[in-house]
Amino acid sequence: MSETAELKLPGQTIELPIVVGTENEKAVDISNLRAKTGFITLDNGYMNTGACTSAITFIDGEKGILRYRGIPIEVLAERSSFLETAYLLIEGKLPNQAELDFFTNRVRRHTMIHEDIKRFYDGFPRDAHPMAILASVVSSLSTFYQHEESRSEADHFSLNTVRLLAKLPTIAAYAYKKSIGQPLMYPQNSMSYCENFLHMMFSTPAEHYDVDPLMTEILNLLLILHADHEQNCSTSTVRMVSSSKASLFAAITAGICALWGPRHGGANEEVIDMLTQMRNEGGGVRKYIDQAKDKNSKFKLMGFGHRVYKNFDPRAKIIKAACDKLLSKMKIADPLLDLAKELEEAALKDSYFIERKLYPNVDFYSGIIYKAMGIPTVAFTVMFALGRLPGWIAHSKEYSNEPGNKINRPRQIYIGEPLAEYVSIEKRK
Ligand code: SDX
(Lines give C-alpha, C1' and ligand atoms only; values in the text may rest on other atoms or scores of the structure.)
Protein backbone atom coordinates (compact mmCIF):
# COMPACT_ATOMS: atom_id res chain seq x y z
CA MET A 1 0.00 0.00 0.00
CA SER A 2 1.63 3.30 -1.05
CA GLU A 3 1.84 6.11 1.51
CA THR A 4 -0.66 8.95 1.51
CA ALA A 5 -0.60 12.54 2.78
CA GLU A 6 -3.40 13.95 4.91
CA LEU A 7 -4.48 17.50 4.09
CA LYS A 8 -6.59 19.29 6.67
CA LEU A 9 -8.71 22.05 5.09
CA PRO A 10 -11.45 24.17 6.69
CA GLY A 11 -14.29 21.71 7.24
CA GLN A 12 -12.64 18.79 5.49
CA THR A 13 -9.65 16.48 5.59
CA ILE A 14 -8.56 14.52 2.56
CA GLU A 15 -5.92 11.96 1.80
CA LEU A 16 -3.66 12.51 -1.19
CA PRO A 17 -1.45 9.88 -2.83
CA ILE A 18 2.31 10.18 -2.40
CA VAL A 19 4.45 9.53 -5.50
CA VAL A 20 7.99 8.24 -4.91
CA GLY A 21 10.64 8.47 -7.64
CA THR A 22 13.55 6.20 -8.51
CA GLU A 23 15.89 8.19 -6.26
CA ASN A 24 13.33 8.39 -3.46
CA GLU A 25 12.15 11.91 -4.30
CA LYS A 26 8.65 12.33 -2.95
CA ALA A 27 5.64 14.29 -4.25
CA VAL A 28 2.07 14.76 -3.11
CA ASP A 29 -0.17 14.01 -6.09
CA ILE A 30 -2.78 16.80 -6.18
CA SER A 31 -4.35 15.78 -9.51
CA ASN A 32 -7.78 15.51 -7.85
CA LEU A 33 -7.41 18.27 -5.26
CA ARG A 34 -9.72 20.82 -6.91
CA ALA A 35 -12.34 18.26 -7.86
CA LYS A 36 -12.40 16.95 -4.27
CA THR A 37 -12.03 20.22 -2.32
CA GLY A 38 -12.41 23.24 -4.63
CA PHE A 39 -8.91 24.28 -3.57
CA ILE A 40 -5.90 24.68 -5.81
CA THR A 41 -2.27 25.14 -4.74
CA LEU A 42 -0.22 28.30 -5.35
CA ASP A 43 3.55 28.18 -5.89
CA ASN A 44 5.35 31.28 -7.19
CA GLY A 45 7.96 30.25 -9.76
CA TYR A 46 7.03 26.57 -9.31
CA MET A 47 9.68 26.35 -6.54
CA ASN A 48 7.90 23.34 -5.03
CA THR A 49 5.81 22.06 -7.92
CA GLY A 50 6.55 19.04 -10.07
CA ALA A 51 5.06 19.48 -13.55
CA CYS A 52 5.50 15.85 -14.56
CA THR A 53 7.30 12.61 -13.97
CA SER A 54 10.28 12.09 -16.27
CA ALA A 55 12.81 9.35 -16.98
CA ILE A 56 15.33 11.50 -18.82
CA THR A 57 17.53 13.39 -16.34
CA PHE A 58 18.08 13.21 -12.60
CA ILE A 59 19.49 16.09 -10.56
CA ASP A 60 20.23 16.04 -6.84
CA GLY A 61 20.76 19.72 -6.01
CA GLU A 62 21.95 19.07 -2.47
CA LYS A 63 24.59 16.54 -3.55
CA GLY A 64 25.47 18.18 -6.89
CA ILE A 65 24.49 15.10 -8.91
CA LEU A 66 23.50 15.20 -12.60
CA ARG A 67 22.73 12.04 -14.62
CA TYR A 68 21.37 11.58 -18.14
CA ARG A 69 19.30 8.38 -18.30
CA GLY A 70 21.09 7.30 -15.09
CA ILE A 71 24.62 7.86 -16.39
CA PRO A 72 26.64 10.44 -14.36
CA ILE A 73 27.54 13.59 -16.28
CA GLU A 74 31.20 13.12 -15.29
CA VAL A 75 31.30 9.74 -17.12
CA LEU A 76 29.57 11.06 -20.24
CA ALA A 77 31.87 14.11 -20.25
CA GLU A 78 34.86 11.79 -20.17
CA ARG A 79 33.74 9.07 -22.55
CA SER A 80 30.84 10.10 -24.77
CA SER A 81 30.34 12.19 -27.89
CA PHE A 82 27.65 14.83 -28.24
CA LEU A 83 25.68 12.85 -30.85
CA GLU A 84 25.89 9.70 -28.73
CA THR A 85 24.63 11.68 -25.73
CA ALA A 86 21.87 13.16 -27.89
CA TYR A 87 20.83 9.64 -28.90
CA LEU A 88 20.92 8.53 -25.24
CA LEU A 89 18.65 11.41 -24.16
CA ILE A 90 16.20 11.10 -27.07
CA GLU A 91 16.02 7.32 -27.49
CA GLY A 92 16.53 6.42 -23.81
CA LYS A 93 19.53 4.16 -24.26
CA LEU A 94 23.13 4.25 -25.45
CA PRO A 95 23.25 3.32 -29.17
CA ASN A 96 25.14 0.24 -30.34
CA GLN A 97 27.69 0.88 -33.07
CA ALA A 98 25.23 0.29 -35.93
CA GLU A 99 22.63 2.60 -34.35
CA LEU A 100 25.22 5.31 -33.72
CA ASP A 101 26.60 5.07 -37.26
CA PHE A 102 23.08 5.25 -38.74
CA PHE A 103 22.13 8.22 -36.53
CA THR A 104 25.40 10.05 -37.22
CA ASN A 105 25.15 9.56 -40.97
CA ARG A 106 21.49 10.60 -40.97
CA VAL A 107 22.35 13.83 -39.16
CA ARG A 108 25.28 14.46 -41.50
CA ARG A 109 23.01 14.33 -44.54
CA HIS A 110 20.67 17.00 -43.23
CA THR A 111 23.20 19.68 -42.33
CA MET A 112 22.45 21.98 -45.28
CA ILE A 113 19.67 24.56 -45.03
CA HIS A 114 17.31 25.27 -47.94
CA GLU A 115 18.92 27.86 -50.21
CA ASP A 116 15.84 30.09 -49.81
CA ILE A 117 16.52 30.31 -46.06
CA LYS A 118 19.74 32.15 -46.77
CA ARG A 119 17.68 35.09 -47.99
CA PHE A 120 16.16 35.56 -44.52
CA TYR A 121 19.58 36.52 -43.24
CA ASP A 122 19.79 39.39 -45.75
CA GLY A 123 16.78 40.97 -44.04
CA PHE A 124 18.21 40.99 -40.51
CA PRO A 125 20.17 44.04 -39.33
CA ARG A 126 23.94 43.31 -39.31
CA ASP A 127 23.98 43.58 -35.50
CA ALA A 128 20.86 41.45 -34.94
CA HIS A 129 21.20 39.32 -31.81
CA PRO A 130 21.87 35.73 -32.95
CA MET A 131 19.29 34.30 -30.55
CA ALA A 132 16.63 36.32 -32.38
CA ILE A 133 17.96 34.97 -35.69
CA LEU A 134 18.04 31.42 -34.32
CA ALA A 135 14.42 31.62 -33.12
CA SER A 136 13.25 33.18 -36.39
CA VAL A 137 15.01 30.71 -38.68
CA VAL A 138 14.10 27.62 -36.62
CA SER A 139 10.49 28.74 -36.65
CA SER A 140 10.68 29.18 -40.43
CA LEU A 141 11.84 25.56 -40.88
CA SER A 142 8.24 24.43 -40.45
CA THR A 143 7.33 26.33 -43.65
CA PHE A 144 9.77 24.17 -45.64
CA TYR A 145 8.44 20.88 -44.28
CA GLN A 146 4.69 21.20 -44.54
CA HIS A 147 2.31 18.64 -46.10
CA GLU A 148 4.15 15.65 -44.64
CA GLU A 149 1.02 14.15 -43.15
CA SER A 150 1.70 10.91 -45.03
CA ARG A 151 4.49 10.10 -42.57
CA SER A 152 3.60 8.44 -39.28
CA GLU A 153 3.82 10.72 -36.24
CA ALA A 154 6.83 8.76 -34.98
CA ASP A 155 8.67 8.95 -38.32
CA HIS A 156 7.84 12.64 -38.64
CA PHE A 157 9.17 13.37 -35.15
CA SER A 158 12.30 11.34 -35.86
CA LEU A 159 12.93 13.14 -39.16
CA ASN A 160 12.37 16.56 -37.62
CA THR A 161 14.70 15.58 -34.76
CA VAL A 162 17.44 14.86 -37.29
CA ARG A 163 16.68 18.02 -39.25
CA LEU A 164 16.98 20.19 -36.13
CA LEU A 165 20.13 18.52 -34.76
CA ALA A 166 21.72 18.77 -38.20
CA LYS A 167 20.68 22.28 -39.14
CA LEU A 168 20.96 24.25 -35.91
CA PRO A 169 24.78 24.42 -36.14
CA THR A 170 24.50 25.60 -39.77
CA ILE A 171 21.87 28.21 -38.83
CA ALA A 172 24.00 29.40 -35.91
CA ALA A 173 27.25 29.54 -37.87
CA TYR A 174 25.60 31.46 -40.69
CA ALA A 175 24.29 34.05 -38.23
CA TYR A 176 27.89 34.59 -37.12
CA LYS A 177 29.23 34.74 -40.70
CA LYS A 178 26.59 37.30 -41.68
CA SER A 179 27.47 39.42 -38.64
CA ILE A 180 31.10 39.69 -39.82
CA GLY A 181 30.31 40.03 -43.53
CA GLN A 182 31.70 36.64 -44.54
CA PRO A 183 29.98 34.07 -46.78
CA LEU A 184 28.16 31.02 -45.45
CA MET A 185 30.57 28.09 -45.31
CA TYR A 186 28.67 24.99 -46.37
CA PRO A 187 28.78 21.99 -44.02
CA GLN A 188 31.23 19.23 -44.88
CA ASN A 189 29.71 15.78 -44.46
CA SER A 190 33.17 14.31 -44.09
CA MET A 191 33.55 16.08 -40.74
CA SER A 192 32.31 15.18 -37.26
CA TYR A 193 29.49 17.22 -35.72
CA CYS A 194 31.70 19.54 -33.67
CA GLU A 195 34.42 19.77 -36.31
CA ASN A 196 31.80 20.75 -38.87
CA PHE A 197 30.45 23.54 -36.70
CA LEU A 198 33.91 24.99 -36.10
CA HIS A 199 34.61 24.72 -39.84
CA MET A 200 31.40 26.64 -40.66
CA MET A 201 32.26 29.24 -38.03
CA PHE A 202 35.90 29.90 -38.76
CA SER A 203 36.91 28.73 -42.25
CA THR A 204 36.67 30.98 -45.32
CA PRO A 205 36.69 30.28 -49.05
CA ALA A 206 39.97 32.21 -49.28
CA GLU A 207 42.26 29.70 -47.63
CA HIS A 208 42.51 26.22 -46.19
CA TYR A 209 41.46 25.99 -42.54
CA ASP A 210 42.30 23.11 -40.21
CA VAL A 211 39.96 22.72 -37.25
CA ASP A 212 42.01 22.44 -34.04
CA PRO A 213 41.31 18.97 -32.57
CA LEU A 214 41.54 20.43 -29.06
CA MET A 215 38.77 22.91 -29.88
CA THR A 216 36.68 20.03 -31.27
CA GLU A 217 37.26 18.05 -28.08
CA ILE A 218 36.35 20.98 -25.82
CA LEU A 219 33.25 21.85 -27.86
CA ASN A 220 32.12 18.21 -27.67
CA LEU A 221 32.49 18.40 -23.89
CA LEU A 222 30.58 21.69 -23.57
CA LEU A 223 27.69 20.46 -25.71
CA ILE A 224 27.41 17.28 -23.62
CA LEU A 225 27.39 19.30 -20.39
CA HIS A 226 24.56 21.52 -21.67
CA ALA A 227 22.49 18.75 -23.27
CA ASP A 228 19.75 18.47 -20.64
CA HIS A 229 18.79 19.63 -17.18
CA GLU A 230 15.30 18.27 -16.43
CA GLN A 231 12.54 20.87 -15.95
CA ASN A 232 14.54 24.11 -16.37
CA CYS A 233 12.73 27.15 -17.71
CA SER A 234 13.35 26.53 -21.42
CA THR A 235 12.69 22.78 -21.26
CA SER A 236 9.46 23.35 -19.36
CA THR A 237 8.56 25.82 -22.11
CA VAL A 238 9.19 23.18 -24.77
CA ARG A 239 6.95 20.76 -22.88
CA MET A 240 4.29 23.46 -22.51
CA VAL A 241 4.23 24.18 -26.26
CA SER A 242 4.41 20.47 -27.12
CA SER A 243 1.33 19.91 -24.95
CA SER A 244 -0.79 21.91 -27.39
CA LYS A 245 0.38 19.54 -30.16
CA ALA A 246 2.23 22.37 -31.92
CA SER A 247 5.08 21.25 -34.19
CA LEU A 248 8.52 20.35 -32.83
CA PHE A 249 9.88 23.39 -34.68
CA ALA A 250 7.42 25.61 -32.78
CA ALA A 251 8.32 24.01 -29.43
CA ILE A 252 12.06 24.36 -30.02
CA THR A 253 11.59 27.99 -31.12
CA ALA A 254 9.85 28.65 -27.79
CA GLY A 255 12.68 26.93 -25.93
CA ILE A 256 15.24 29.15 -27.68
CA CYS A 257 13.30 32.25 -26.66
CA ALA A 258 13.03 31.16 -23.02
CA LEU A 259 16.73 30.25 -22.85
CA TRP A 260 17.68 33.75 -24.05
CA GLY A 261 16.75 35.39 -20.73
CA PRO A 262 19.64 36.58 -18.51
CA ARG A 263 18.30 34.57 -15.56
CA HIS A 264 18.68 31.42 -17.69
CA GLY A 265 20.93 30.70 -20.66
CA GLY A 266 21.59 34.37 -21.30
CA ALA A 267 23.70 34.40 -18.12
CA ASN A 268 26.83 33.08 -19.89
CA GLU A 269 26.91 36.24 -22.00
CA GLU A 270 26.25 38.39 -18.92
CA VAL A 271 29.10 36.73 -16.98
CA ILE A 272 31.69 37.88 -19.50
CA ASP A 273 30.19 41.38 -19.59
CA MET A 274 30.34 41.43 -15.77
CA LEU A 275 33.94 40.21 -15.62
CA THR A 276 34.97 42.64 -18.37
CA GLN A 277 33.38 45.52 -16.46
CA MET A 278 35.20 44.37 -13.29
CA ARG A 279 38.51 44.28 -15.14
CA ASN A 280 37.98 47.66 -16.81
CA GLU A 281 36.87 49.37 -13.62
CA GLY A 282 39.52 47.66 -11.48
CA GLY A 283 39.22 47.87 -7.75
CA GLY A 284 38.95 44.12 -7.17
CA VAL A 285 36.02 41.82 -6.65
CA ARG A 286 34.90 42.91 -3.19
CA LYS A 287 32.97 45.91 -4.57
CA TYR A 288 30.91 43.57 -6.79
CA ILE A 289 30.29 41.04 -4.05
CA ASP A 290 29.01 43.83 -1.80
CA GLN A 291 26.84 45.14 -4.66
CA ALA A 292 25.38 41.65 -5.21
CA LYS A 293 24.49 41.49 -1.50
CA ASP A 294 22.92 44.95 -1.48
CA LYS A 295 19.13 44.58 -1.64
CA ASN A 296 18.87 48.09 -3.05
CA SER A 297 21.03 47.12 -5.97
CA LYS A 298 19.65 45.10 -8.88
CA PHE A 299 23.12 43.68 -9.48
CA LYS A 300 23.54 39.92 -9.15
CA LEU A 301 26.68 37.89 -9.59
CA MET A 302 25.92 36.40 -12.98
CA GLY A 303 26.84 32.74 -13.23
CA PHE A 304 26.16 32.29 -9.52
CA GLY A 305 23.20 30.62 -7.86
CA HIS A 306 20.77 28.01 -9.04
CA ARG A 307 17.19 27.02 -8.36
CA VAL A 308 18.15 23.38 -7.81
CA TYR A 309 21.87 23.19 -7.04
CA LYS A 310 22.53 24.17 -3.44
CA ASN A 311 25.99 22.70 -3.85
CA PHE A 312 28.49 22.97 -6.68
CA ASP A 313 26.93 22.63 -10.15
CA PRO A 314 28.83 19.52 -11.32
CA ARG A 315 29.02 21.01 -14.79
CA ALA A 316 30.77 24.15 -13.49
CA LYS A 317 33.53 22.03 -11.95
CA ILE A 318 34.15 20.20 -15.25
CA ILE A 319 34.06 23.41 -17.29
CA LYS A 320 36.48 25.12 -14.90
CA ALA A 321 38.98 22.29 -15.42
CA ALA A 322 38.45 22.47 -19.20
CA CYS A 323 39.11 26.21 -19.03
CA ASP A 324 42.50 25.64 -17.46
CA LYS A 325 43.32 22.89 -19.99
CA LEU A 326 42.31 24.89 -23.09
CA LEU A 327 43.89 28.17 -22.05
CA SER A 328 47.17 26.55 -21.02
CA LYS A 329 47.36 24.48 -24.25
CA MET A 330 46.52 27.58 -26.31
CA LYS A 331 48.99 29.57 -24.19
CA ILE A 332 46.27 32.14 -23.46
CA ALA A 333 46.53 34.04 -20.20
CA ASP A 334 43.00 35.47 -19.95
CA PRO A 335 42.74 37.95 -17.06
CA LEU A 336 39.00 37.23 -16.96
CA LEU A 337 39.69 33.64 -15.89
CA ASP A 338 41.91 34.83 -13.06
CA LEU A 339 39.21 37.34 -12.10
CA ALA A 340 36.53 34.62 -12.20
CA LYS A 341 38.57 32.39 -9.90
CA GLU A 342 39.21 35.31 -7.52
CA LEU A 343 35.49 36.15 -7.52
CA GLU A 344 34.51 32.52 -6.87
CA GLU A 345 36.99 32.20 -4.03
CA ALA A 346 35.85 35.43 -2.37
CA ALA A 347 32.12 34.71 -2.79
CA LEU A 348 32.37 31.17 -1.43
CA LYS A 349 33.93 32.58 1.75
CA ASP A 350 31.19 35.20 2.19
CA SER A 351 28.35 34.41 4.61
CA TYR A 352 25.74 35.88 2.22
CA PHE A 353 26.59 33.31 -0.44
CA ILE A 354 27.21 30.51 2.06
CA GLU A 355 23.85 31.00 3.81
CA ARG A 356 22.00 31.09 0.49
CA LYS A 357 24.05 28.22 -0.92
CA LEU A 358 25.02 30.23 -3.97
CA TYR A 359 27.69 28.47 -6.02
CA PRO A 360 29.03 28.96 -9.54
CA ASN A 361 26.66 27.43 -12.08
CA VAL A 362 27.17 26.11 -15.59
CA ASP A 363 27.34 29.63 -17.00
CA PHE A 364 30.12 30.95 -14.78
CA TYR A 365 33.11 29.57 -16.67
CA SER A 366 31.66 28.51 -20.02
CA GLY A 367 31.96 31.98 -21.54
CA ILE A 368 35.70 32.03 -20.88
CA ILE A 369 36.10 28.91 -23.00
CA TYR A 370 33.86 30.20 -25.77
CA LYS A 371 35.88 33.44 -25.77
CA ALA A 372 39.15 31.48 -26.05
CA MET A 373 37.62 29.57 -28.99
CA GLY A 374 36.99 32.88 -30.77
CA ILE A 375 33.21 32.79 -30.38
CA PRO A 376 31.77 36.30 -29.90
CA THR A 377 30.15 36.98 -26.51
CA VAL A 378 26.84 37.77 -28.16
CA ALA A 379 26.73 34.16 -29.45
CA PHE A 380 27.40 32.43 -26.13
CA THR A 381 23.73 31.68 -25.51
CA VAL A 382 23.52 30.28 -29.03
CA MET A 383 26.17 27.77 -27.92
CA PHE A 384 23.97 26.90 -24.94
CA ALA A 385 21.04 26.32 -27.32
CA LEU A 386 23.15 24.03 -29.54
CA GLY A 387 23.92 21.92 -26.48
CA ARG A 388 20.40 21.95 -25.02
CA LEU A 389 18.66 20.98 -28.25
CA PRO A 390 18.67 17.18 -27.67
CA GLY A 391 17.31 17.67 -24.17
CA TRP A 392 14.48 19.83 -25.48
CA ILE A 393 13.70 17.22 -28.15
CA ALA A 394 13.84 14.36 -25.62
CA HIS A 395 11.36 16.11 -23.33
CA SER A 396 9.01 16.96 -26.19
CA LYS A 397 9.10 13.31 -27.24
CA GLU A 398 8.59 12.04 -23.67
CA TYR A 399 5.64 14.37 -23.23
CA SER A 400 4.08 13.42 -26.57
CA ASN A 401 4.45 9.70 -25.84
CA GLU A 402 2.96 9.94 -22.36
CA PRO A 403 -0.35 8.05 -22.28
CA GLY A 404 -3.26 10.32 -21.36
CA ASN A 405 -1.13 13.46 -21.60
CA LYS A 406 -3.11 16.68 -21.30
CA ILE A 407 -2.56 20.21 -22.53
CA ASN A 408 -0.62 22.12 -19.86
CA ARG A 409 -3.04 24.68 -18.48
CA PRO A 410 -2.24 25.88 -14.93
CA ARG A 411 -4.95 27.50 -12.77
CA GLN A 412 -4.66 30.82 -10.90
CA ILE A 413 -6.03 32.78 -7.98
CA TYR A 414 -7.71 35.96 -9.29
CA ILE A 415 -6.90 39.10 -7.29
CA GLY A 416 -8.31 41.72 -9.66
CA GLU A 417 -11.47 43.87 -9.51
CA PRO A 418 -14.76 42.37 -8.27
CA LEU A 419 -17.77 42.50 -10.64
CA ALA A 420 -17.56 45.93 -12.37
CA GLU A 421 -19.75 48.03 -14.69
CA TYR A 422 -18.88 49.27 -18.16
CA VAL A 423 -18.72 53.06 -17.69
CA SER A 424 -19.47 55.03 -20.86
CA ILE A 425 -16.57 57.18 -21.99
CA GLU A 426 -18.21 60.54 -21.22
CA LYS A 427 -18.61 59.48 -17.57
CA ARG A 428 -15.07 58.30 -17.12
CA LYS A 429 -12.68 60.42 -15.07
C1 SDX B 1 20.81 28.25 -15.87
O2 SDX B 1 17.05 25.64 -14.02
C3 SDX B 1 18.13 25.18 -14.59
O4 SDX B 1 18.45 24.01 -14.53
C5 SDX B 1 18.92 26.25 -15.35
C6 SDX B 1 20.25 25.80 -15.96
C7 SDX B 1 20.06 24.76 -17.03
O8 SDX B 1 20.99 23.95 -17.26
O9 SDX B 1 18.99 24.81 -17.71
O10 SDX B 1 21.09 25.26 -14.95
C11 SDX B 1 20.96 26.96 -16.63
O12 SDX B 1 19.91 28.98 -16.13
C13 SDX B 1 21.79 28.54 -14.76
C14 SDX B 1 21.46 29.86 -14.01
C15 SDX B 1 22.03 31.02 -14.83
N16 SDX B 1 21.59 32.31 -14.24
C17 SDX B 1 22.42 33.10 -13.57
O18 SDX B 1 23.60 32.81 -13.32
C19 SDX B 1 21.81 34.44 -13.17
C20 SDX B 1 22.20 34.77 -11.72
N21 SDX B 1 21.49 33.83 -10.85
C22 SDX B 1 20.23 34.29 -10.25
O23 SDX B 1 19.47 35.09 -11.12
C24 SDX B 1 19.50 33.15 -9.55
O25 SDX B 1 20.43 32.49 -8.80
C26 SDX B 1 18.73 32.14 -10.37
C27 SDX B 1 17.76 32.77 -11.29
C28 SDX B 1 19.66 31.27 -11.13
C29 SDX B 1 17.95 31.24 -9.38
O30 SDX B 1 17.06 32.07 -8.74
P31 SDX B 1 16.00 31.50 -7.66
O32 SDX B 1 16.11 30.03 -7.52
O33 SDX B 1 14.66 32.08 -7.98
O34 SDX B 1 16.56 32.07 -6.33
P35 SDX B 1 16.29 33.53 -5.80
O36 SDX B 1 16.43 34.55 -6.92
O37 SDX B 1 15.01 33.50 -5.04
O38 SDX B 1 17.54 33.72 -4.84
C39 SDX B 1 17.49 33.31 -3.49
C40 SDX B 1 18.32 34.34 -2.75
C41 SDX B 1 17.81 35.76 -2.94
O42 SDX B 1 18.23 36.53 -1.80
P43 SDX B 1 17.18 36.70 -0.54
O44 SDX B 1 15.89 37.26 -1.15
O45 SDX B 1 17.01 35.34 0.05
O46 SDX B 1 17.87 37.70 0.37
O47 SDX B 1 19.67 34.34 -3.27
C48 SDX B 1 19.92 35.61 -3.86
C49 SDX B 1 18.59 36.27 -4.12
O50 SDX B 1 18.72 37.69 -4.11
N51 SDX B 1 20.65 35.35 -5.10
C52 SDX B 1 21.69 36.04 -5.53
C53 SDX B 1 22.07 35.44 -6.73
N54 SDX B 1 21.26 34.41 -6.99
C55 SDX B 1 20.38 34.36 -5.98
N56 SDX B 1 22.33 37.12 -5.01
C57 SDX B 1 23.38 37.57 -5.72
N58 SDX B 1 23.81 37.05 -6.89
C59 SDX B 1 23.18 35.97 -7.41
N60 SDX B 1 23.60 35.43 -8.55
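Residues numbered from 1 in each chain as written. Predicted model: local features only at pLDDT ≥ 70, side-chain atom pairs only at ≥ 80, totals over all residues. Heavy atoms only, no water.

Chemist: How should the pairing of strand E4 (residues 57-60) be read in this particular structure?
Modeler: Along any regular strand the residues' side chains alternate between the sheet's two faces. Judged by which residues are buried, E4 turns out to be covered on both faces: Thr57 and Ile59 on one side and Phe58 and Asp60 on the other are all buried. Taken together, the 4 bridges between E4 and strand E5 (residues 65-68) define a ladder with antiparallel strand orientation. What sits directly across from Thr57, in E5, is Tyr68. (Buried < 20%, exposed > 50% of the residue type's maximum accessible area, 1.4 Å probe, protein only. Helix = DSSP H or I, 4+ residues; strand = E, 2+ residues; numbered from the N terminus. Pairing = 2+ DSSP bridges.)

Chemist: So what exactly am I meant to see when it comes to the sheet that holds E4 here?
Modeler: Backbone-to-backbone hydrogen bonds join strands into a sheet, with any given pair of strands oriented parallel or antiparallel. Within the open sheet, the 3 strands sit side by side as E4-E5-E6. Their pairing is antiparallel. A single partner strand is all that each edge strand has here, and the edge strands are E4 and strand E6 (71-72). Of the strand pairs in this sheet, E5 and E6 are connected by 2 bridges, and their pairing is antiparallel. Bridge pairing links Arg67 to Pro72 in E6.

Chemist: Would you take a moment to explain a positive patch on the surface for this structure?
Modeler: On the surface, Arg263, Lys295, Lys300 and Arg307 cluster together into a positively charged patch. Mapping Lys300 onto the fold places it in the loop between helix H13 (286-293) and helix H14 (314-329). Note on Lys300: relative accessible area 56%, which makes it exposed. (Patch = residues over 30% accessible without salt bridge, like charges linked within 9 Å, V, L, I, M, F, W, Y side chains within 5 Å. Areas by Shrake-Rupley, 256 points an atom, 1.4 Å probe, with all protein chains shown as cover. Salt bridge = Lys/Arg side-chain N within 4 Å of Asp/Glu carboxyl O. Lys, Arg positive; Asp, Glu negative; His and termini not counted. Charge placed at Lys NZ, Arg CZ, Asp CG, Glu CD.)

Chemist: What is the right way to read the packing of aromatic side chains from this model?
Modeler: To describe a pair of aromatic rings, you give the distance between the ring centres and the angle between the ring planes. A complete count under the given rule lists 14 aromatic pairs for this structure. Ring geometry for Tyr87 and Phe103: centres 5.4 Å apart, planes at 80 degrees, overall edge-to-face. With Tyr87 in helix H3 (residues 82-91) and Phe103 in helix H4 (residues 97-108), this residue pair connects regions lying 16 residues apart in the sequence. Look at Phe364 and Tyr365: their rings are 4.9 Å apart centre to centre, the planes differ by 80 degrees, and that puts the pair in the edge-to-face class. (Phe/Tyr/Trp six-rings, centres within 6.5 Å; stacked < 30°, edge-to-face > 60°.)

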